[in-house]
Every structure is written in structure tokens, then in C-alpha cells.
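Below, each chain spelled out in residue letters.
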Amino acid sequence: MSRFGVLVIGPAGCGKSTFCAALIAHIKNIKRSCVYVNLDPAAEEFEYEPDVDIKDLICLEDVMDEMGLGPNGGLMACFEFLMDNLDWLESELGETGEDSLTIFDCPGQIELYTHVPILPNLAKHLTGHMSFNLCAAYLLESTFVIDKSKFFAGTLSAMSAMIMLEIPHINILSKMDLVRNQVSKRELKRFLDPDPSILASDIHAETNPRFHRLNECVVSLIDDFSMVQFLQLESQNEDSVQATLSYIDDCLGWSDVQEPNIKDEPDQDWEEPARDE
Ligand SMILES: Nc1nc2c(ncn2[C@@H]2O[C@H](COP(=O)(O)OP(=O)(O)OP(=O)(O)O)[C@@H](O)[C@H]2O)c(=O)[nH]1
Ligand SMILES: [Mg+2]
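In the nomenclature of an unreviewed UniProt entry, the chain is known as GPN-loop GTPase 3 of Discina gigas. Its UniProt record gives the chain the following Subunit (unreviewed entry) comment, quoted word for word: "Binds to RNA polymerase II (RNAPII)."

Okay, structure coming up:
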């Protein structure tokens, strides 16, 4: 049996938990089902109570006290503990059906998937041992598009996550409502499907000539992969959330699995045509 899940990832404060809540509200609205998994041991307030919560496994404050760690080191230790106790996650998740989407709300410390292989190993376990069809939704705050160097840095971190995780990946510019009035539609298009060489000439104009060769190397790296595109997201707008869910569904092949079930339902009005003997 297939199971479906999305890892919602991205830098701190980019709107992951808000997007998870908006996604849950929309999924409930369209009478589909979902499971909400909080993987952030530092998260305190939730719009929807998580069905599975890492805080039921381990307490960040205890880890910080006992191991003498700060919040980031503590979070890494919590994840290492989770990785040693994956049977806990498996039993908490139970038997999620193939009509349900499991939403993993991840912490904002991107070192979990760009520097150390903790989240990649979790993704491997979910896809391998637990038979999940899994994709990543990488959120990057849209205010980054106002500062092109930040946009390049954000694009590189999205690429790094994409390469580390090795699962289907959707890049999303979140909080679009904050930039709509500041950037023209034409300008915005340049960021959604970025042509790095054009953006690089803008960066050249803004940076010290000493960095031009470095800029060009970064641009050619992004160009070589040519796989960074962004969707737009406004979490307060249900149409925008619906559009993002459609991409996630496509990425996961969700409808391919649902359709046969619909076809299996007998059509009440349909009668087998009489055959000529
Ligand atoms: N204007 C606007 N604000 C948003 C949007 N999404 C989130 N926010 C705000 O951004 C802030 C951070 O949102 P969160 O959802 O907590 O972000 P997060 O990525 O889960 O944060 P961490 O878990 O701490 O990494 C909150 O104040 C949200 O209200 C959006 O679409 N538009
Ligand atoms: Mg959060």
C-alpha cells in the first residue's frame, strides 16, 4: 500500500507552520484527510493540534540542560535521538491510508538537511522502510526577491536541500502578499523561473568587481542544475494553497493511486449492454 507525505522545510520563519495549518484547513474543506506531524521540538503554539509530536518523544529543554547545549545543538541532539528511535515514529504514525496526506512540519535549522544527513536519513527511512511516497516543499521567503544576493543564497540553499534529500522537490516563494505591491509582475517572473545569467548582471551592478568571478561561478552552478523554479504561495489565500496542493499531489502521483479506486466504484446508472447472440 502507498502512503503519501510532504516534508515542509525551509529557513527559520519562512512560513512553514503557517503553510501546514493552511494546508490542513484546505484539506479538511475538500473532505480529504491528513496527518499532521510536528518535528520541531521548539514549536510551542499550533493552529491544529499535531497528530504526532516529537515533543512526546523528547524535550528540548531537558536535552539542553543535561547535555549543556544551546538551542541549535539541542535540536541536533533531539533529531539524533529521533533517528535512534524511529520505531516510535512508526508506531505513532500507525497505518495511514493511501487517501491521506502526512504533513511533516520541520524545524527551520537548515543545517539538518544542508550540512548533516539527518533529514536525508529520515527521508530514506520514510520512503524505504515505511513505504512513503515523499516529496519536499522548500519554502523561501519572497522578500528575498527584493535583494538579489539573498535570492541567490536562498536558491543555493534550496538546491543543497534538493541534492541532499534525493526526493521530489518543490520550491515555493512564501509570503507573496508582502511583495506583490513592491515588485512588478515582469520583475517577479524573472525570479519564479530564474535565468541566473540575467540576474547575475544585476548582482554585478550591486557588488564590488572583486566578486564578479565568484558571482559567475555561482550562476553557472545554478545554470548547470537548471532545476530551480519557484511556485508562489500566500498562505491566507485558499486558491493559492489549493494550487500548491495540486503540485504536491502531482509530485507524489497521488491521483494515479486514487483514480482506480474511483473507477472501482460501481456506476449505479450503468447497465451492461445487451449482447447480440
Ligand atoms: N504576510 C504573511 N505572513 C506570513 C505568511 N506565512 C507566515 N507568515 C508569518 O511569518 C511568521 C513566521 O511564520 P511561521 O509559520 O511560524 O514560520 P516557520 O517557518 O514555521 O518558522 P520556524 O518554525 O520558527 O522556522 C509568522 O508571524 C507568520 O504569521 C504569509 O503567507 N504572509
Ligand atoms: Mg514552524
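This next bit is on the site of ligand 1. The environment of ligand 1 is formed by 16 residues, the closest being Gly15, Lys16, Ser17, Thr18 and Gly108. In terms of residue count, the dominant contributor to the shell around ligand 1 is helix α1 (residues 16–29) (3 residues). The residue inventory of the shell around ligand 1, partitioned by class, reads 3 nonpolar, 8 polar and 5 charged.

What follows concerns the packing of helix α2 (residues 60–67) against helix α3 (residues 71–84). Interaxial distance between α2 and α3 falls to 9 Å at its minimum, and their mutual angle equals 110°. In terms of axis orientation, α2 runs roughly perpendicular to α3. Seen from α2, the contacting residues are Leu60, Val63, Met64 and Met67; seen from α3, they are Pro71, Gly74, Leu75, Ala77 and Cys78. A class-by-class count of the residues in the contact of α2 with α3 yields 8 nonpolar, 1 polar and no charged.

Bringing helix α11 (residues 238–252) into the picture now. In a regular helix each residue adds 1.5 Å, so 15 residues correspond to 21 Å; α11 covers 21 Å between its end C-alpha atoms and thus fits that length. Three or more residues of α11 are buried, namely Ser240, Val241, Thr244, Leu245, Ile248 and Leu252. On an axial view of α11, the arc spanned by its buried residues comes to 135°, and they lie on one face. Directly beyond the C-terminal end of α11, a positive phi value near 70° is found at Gly253.

The 7 strands are arranged β3-β2-β4-β1-β5-β6-β7 in an open sheet whose pairing can be described as parallel. Both edges of this open sheet fall to β3 (52–53) and β7 (230–232), since each of them pairs with a single strand only. Lying on the sheet, α11 is in contact with β1 (3–9), β5 (132–141), β6 (169–174) and β7; it crosses β5 at an angle near 140°.

What follows concerns the pairing of β5. Of all 10 residues making up β5, 10 are buried, and the element is well covered by its neighbours. Every second residue of β5 is oriented toward a common face, with Phe132, Leu134, Ala136, Tyr138 and Leu140 on one face and Asn133, Cys135, Ala137, Leu139 and Glu141 on the other, all of them buried. One ladder, built from 7 bridges, connects β1 with β5; its direction is parallel. From the neighbouring strand, Gly5 faces β5, where its bridge partner is Leu134.

What follows concerns the confidence of the model for the chain. Of the residues in the chain, 90% reach a pLDDT of 70 or more, and the chain-wide mean stands at 86. Looking across the chain, the model is least confident in helix α12 (residues 254–264), with a mean pLDDT of 63, and most confident in α1, with 98. Note on residues 262–277: pLDDT is under 50 here. Beyond four places in sequence and across chains, it has 0 contacts. Predicted as a complex, the structure gets a pTM of 0.89 and an ipTM equal to 0.99.

Reading the values: the criteria
Residues numbered from 1 in each chain as written. Chains lettered and ligands numbered in written order. Predicted model: local features only at pLDDT ≥ 70, side-chain atom pairs only at ≥ 80, totals over all residues. UniProt positions renumbered as here; feature names shortened; annotations may be inferred. Near = placed C-beta within 6 Å. Helix = DSSP H or I, 4+ residues; strand = E, 2+ residues; numbered from the N terminus. Nonpolar A, V, L, I, M, F, W, Y, C, P; charged D, E, K, R; others polar. Axes fitted to C-alpha atoms, helices over the stretch in contact; angles between N-to-C directions. Parallel < 35°, antiparallel > 145°, perpendicular 65-115°, else oblique. Contact = placed C-beta atoms within 7 Å. Expected span 1.5 Å × (residues − 1). Buried ≥ 20, exposed ≤ 12 C-beta atoms within 10 Å, placed from the backbone. Arc of directions from axis to C-beta. Pairing = 2+ DSSP bridges. pLDDT = per-residue confidence, 0-100.

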